[in-house]
Amino acid sequence: MSTVENLPFRIVDEIPLRLHMWWSDLGEVGQRSVTKALGGLIGLLMIKPMVDLIEALIPFWDTTHNVFHFSDFELTPMLEEITGYDGYDRGLRHQYRVAPRAVTPQEVLELLSINRQVKKENLAEGYCTFHFLYSWKEKQVGVAQRFSLHSRILGTLIFPKEDGHIELGLVGVADFLDKKANGTLVPMIIKEIYRAQPLVDLKFFEGCNLLLQMWLVEHLCYRPRYMNYGLTRLSFIEEYENRVSGYELPEDAEAWFTRLCSLTINQIEWTFSWLSVKEVIYISTDVCFLLLMGLRSIQPYTPHRVLRQLGRYQMIPHDEDLST
């Protein structure tokens with residue numbers, strides 16, 4: 001019988017073909033609608049997952065300070081960096097931070113234009129499956145079909161679960177994003193990445209590994225400065241492969257771990273040259289961290305420890321144990 005120790009490390013290691021087919025079937029009008037809600041994050045459909053990188057990166061996570069701690073420096077995904085991948089250029093102050101949305105099974109069926117007489121035990125248990133959504137795809141039209149795909153992208157690429165199921169709360173999130181143009185998922189995304197780190201003993205990474213791998217590779221890869229791909233909602237993810245072209249990727253998890261162990265402060269591309277940051281959210285009035293709300297819990301966020309990532313003066317960080 002398998003045990004936790006001998007189970008392979010797993011992440012979202014491929015984008016389901018049916019998800020690509022569903023996206024293509026929407027057509028130009030439907031795709032514009034989904035992109036309006038998800039922004040540049042829709043570009044994650046084209047990113048190839050890197051299992052070895054994520055597996056090698058996990059041991060460097062410092063649960064005391066919620067940062068990745070390498071030989072002589074720290075890094076952590078920052079709100080402004082992930083917002084850059086989203087393609088939103090007006091700053092977080094102009095965006096509404098989306099929180100989990102509680103919805104009932106009947107509300108889910110209504111939102112997806114599915115017969116309310118449908119009896120599905122898994123809906124009562126708080127989730128739905130890809131097969132359930134896909135089986136109704138041909139019967140849905142317009143908003144309902146786009147809404148189903150929107151929910152599936154959230155549950156597959158951005159907030160994945162090991163069993164592949166989609167939490168009903170994500171359907172509520174999709175509904176909110178569809179109706180509110182300036183909503184942002186970024187605080188939830190970072191929080192779920194943070195939460196996933198201590199849980200890897202379970203052998204599945206329940207955070208957005210696609211954004212995490214892109215973020216790390218860009219910090220490892222030197223690029224000519226002052227690049228500008230234009231402030232569009234898609235360019236920052238779509239141009240990712242061009243930005244890191246030429247960077248030699250290690251072959252496997254062991255090689256990645258060796259590379260990360262040998263990193264020093266002078267080998268890091270501290271700031272993303274394509275990211276223009278006018279304002280930085282880095283500290284609260286009472287404590288040296290901020291609290292980010294995710295799907296399943298709340299996590300402290302400590303950007304003051306890595307302000308150099310955004311080209312700011314790096315203060316000596318306050319040393320506080322955030323694991324308790």
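Predicted, not measured: the structure shown is a model, and the values here were computed from it.

What counts and what doesn't
Along every chain, residues carry numbers that run from 1 in the direction the sequence is written. In view of the model being predicted, local features appear only for residues whose pLDDT reaches at least 70, and side-chain atom pairs are presented and counted only at 80 or more, with totals across whole chains, interfaces and linings using the full set of residues. Side-chain calculation: all heavy atoms of the structure are included, whereas hydrogens and water are not. By the criteria applied, helices consist of DSSP H or I runs no shorter than four residues and strands consist of E runs no shorter than two, each listed in order from the N terminus. Exposure is judged per residue with a 1.4 Å probe applied to protein chains only, and the accessible area is read against the type maximum: over 50% gives exposed, under 20% gives buried, and values in between give partly exposed. In this analysis, two residues are considered to be in contact whenever any of their non-hydrogen atoms come within 4.5 Å of each other. Here, Shrake-Rupley sampling with a 1.4 Å probe gives the accessible areas, and only protein chains in the shown set may cover a residue. Any two strands with at least two DSSP-identified bridges between them are counted as paired. Under the convention used throughout, the expected extent of a helix is 1.5 Å for every residue step, that is, one less than its residue count. In this analysis the local bend is the angle between axes fitted, respectively, to the seven residues ending at and the seven residues starting at the residue. Only one rule defines a salt bridge in this text: a Lys or Arg side-chain nitrogen within 4 Å of an Asp or Glu carboxyl oxygen. Angles run from 0 to 180 degrees between N-to-C directions of axes, and those axes are lines fitted to C-alpha atoms, restricted for helices to the stretch in contact. Throughout, the term roughly parallel applies to angles under 35 degrees, roughly antiparallel to angles over 145, roughly perpendicular to angles from 65 to 115, and oblique to all others. Three classes are used: nonpolar for Ala, Val, Leu, Ile, Met, Phe, Trp, Tyr, Cys and Pro, charged for Asp, Glu, Lys and Arg, and polar for all others, with Gly counted as polar. Every residue gets a pLDDT, meaning the predictor's confidence in that residue, from 0 to 100. The patch calculation keeps residues exceeding 30% relative accessible area without a salt bridge and links them within 9 Å when they carry like charges or within 5 Å when they are nonpolar (Val, Leu, Ile, Met, Phe, Trp, Tyr). Positive charges are assigned to Lys and Arg, negative charges to Asp and Glu, while His and the chain termini are left out of the count. Just so you know, the charge point we use is NZ for Lys, CZ for Arg, CG for Asp and CD for Glu. The criterion is simple. A nonpolar core is a set of buried Ala, Val, Leu, Ile, Met, Phe, Trp, Tyr and Cys residues joined through side-chain atoms within 4.5 Å. For a crossing to be left-handed, the near helix must be turned anticlockwise from the far one by less than a right angle; the clockwise case is right-handed.

Observations concerning the overall build of the chain
1) Next: In terms of helices and strands, the chain carries 13 helices and nine strands.
2) Next: By residue count, 56% of the 324 residues in the chain fall in the buried class.
3) Next: Put simply, 75% of the contacts in the chain that link residues at least 6 apart link residues at least 24 apart.
4) Next: When the accessible surface of the chain is summed, it comes to about 15400 Å², and 51% of that surface belongs to carbon and sulfur atoms.

A few points about the sheet that holds strand β2 (residues 67-69)
1) Next: Sheet architecture is open: three strands sit in the order β1-β2-β3, paired in antiparallel fashion. In the strand order of this sheet, the two ends are held by β1 (61-62) and β3 (74-75), each with one partner.
2) Next: In this sheet, β3 lies alongside β2 in antiparallel orientation, the contact comprising two bridges. Each residue of the ladder has a partner; that of Phe68, found in β3, is Leu75.

Some remarks on helix α1 (residues 17-38)
1) Next: For α1, with 22 residues, the first-to-last C-alpha span of 20 Å runs short of the 32 Å given by 1.5 Å per residue.
2) Next: At Gly27, α1 shows its maximal kink, close to 115°.
3) Next: For α1, every residue scored as buried is listed here: Leu19, Trp22, Trp23, Leu26, Gly30, Ser33, Val34, Thr35, Ala37 and Leu38.

A short note on the pattern of salt bridges
Once the charged atoms of two side chains with opposite charge are near each other, the side chains can pair.
1) Next: Counted according to the given criterion, the structure contains seven salt bridges.
2) Next: The shortest N-O distance in the salt bridge between Arg195 and Glu192 comes to 3.9 Å. Linking Arg195 with Glu192, this pair stays in helix α9 (residues 186-196), spanning three residues, or about one helical turn. An identical accessibility class is assigned to Arg195 and Glu192; each is buried.
3) Next: Between Arg195 and Glu206 there is a salt bridge; the shortest N-O distance is 3.3 Å. Residue Arg195 is located in helix α9, and its partner Glu206 is located in the loop between α9 and α10 (209-220); the two are separated by eleven residues in the primary sequence. Each member of the pair Arg195 and Glu206 is classed as buried.
4) Next: The network of salt bridges with shared partners includes Lys191, Glu192, Arg195 and Glu206.

Here's the deal with the packing of helix α3 (residues 79-86) against α10
1) Next: Where α3 meets α10, the closest approach of the two axes is 11 Å, and the angle between their N-to-C directions is 110°. Taken together, the axes of α3 and α10 are roughly perpendicular relative to one another. Here α3 contributes Glu81, Ile82 and Tyr85 to the contact with α10, which in turn contributes Leu211, Met214, Trp215, Glu218 and His219.
2) Next: The residue inventory of the contact of α3 with α10, partitioned by class, reads five nonpolar, one polar and two charged.

Details of the confidence of the model for the chain
Any residue range with low pLDDT should be treated as having predicted coordinates unsuitable for detailed reading.
1) Next: Per-residue confidence for the chain averages 82 on the pLDDT scale, and 85% of its residues sit at or above 70.
2) Next: Ignoring residues within four places in sequence, the model shows residues 1-5, a span with pLDDT below 50, making five contacts including any to other chains.
3) Next: Scored below 50 in pLDDT, residues 229-234 shows 20 contacts in the model against residues more than four places distant or in partner chains.

Thoughts on α9
1) Next: Burial of α9 is extensive: eleven of the eleven residues sit out of reach of the surface.
2) Next: Three or more residues of α9 are buried, namely Val186, Pro187, Met188, Ile189, Ile190, Lys191, Glu192, Ile193, Tyr194, Arg195 and Ala196.

As for a negative patch on the surface
1) Next: The grouping of Glu248, Glu251, Asp252 and Glu254 at the surface amounts to a negative patch.
2) Next: Residue Asp252 is classed as partly exposed on the basis of its relative accessible area of 35%.

Side note on the nonpolar core
Buried together is how nonpolar side chains tend to be arranged in soluble globular proteins.
1) Next: Residues Leu44, Leu185 and Ile189 are the most contacted members of the largest nonpolar core, which totals 100 residues.
2) Next: A per-element tally of this core places α10 first, with eight residues.
3) Next: Those residues within four positions of Ile189 in sequence are excluded, and the remaining contacts are Leu41, Ile82, Ile158, Phe159, Cys208 and Leu211.

As for the packing of α3 against α9
1) Next: Relative orientation of the contacting elements α3 and α9 amounts to 120°, with a least axis distance of 9 Å. Classified by the angle between their axes, α3 and α9 sit oblique to one another. As α3 runs across α9, the sense of the crossing is right-handed. Where α3 approaches α9, its residues Leu79, Ile82 and Thr83 are matched on the opposing element by Val186, Pro187, Ile189 and Ile190.

Remarks on the environment of Ile153
1) Next: The residue Ile153 is located in helix α7 (residues 142-158) in this model.
2) Next: A residue is classified by how much of its surface remains accessible, and Ile153, at 1% relative accessible area, is buried.
3) Next: For the pair Ile153 and Leu45, spaced 108 residues apart in sequence, the C-alpha to C-alpha distance is 8.6 Å.
4) Next: If we ignore the near neighbours within four places in the chain, the residues touching Ile153 are Leu19, Val34, Leu38, Ile42 and Ile158.

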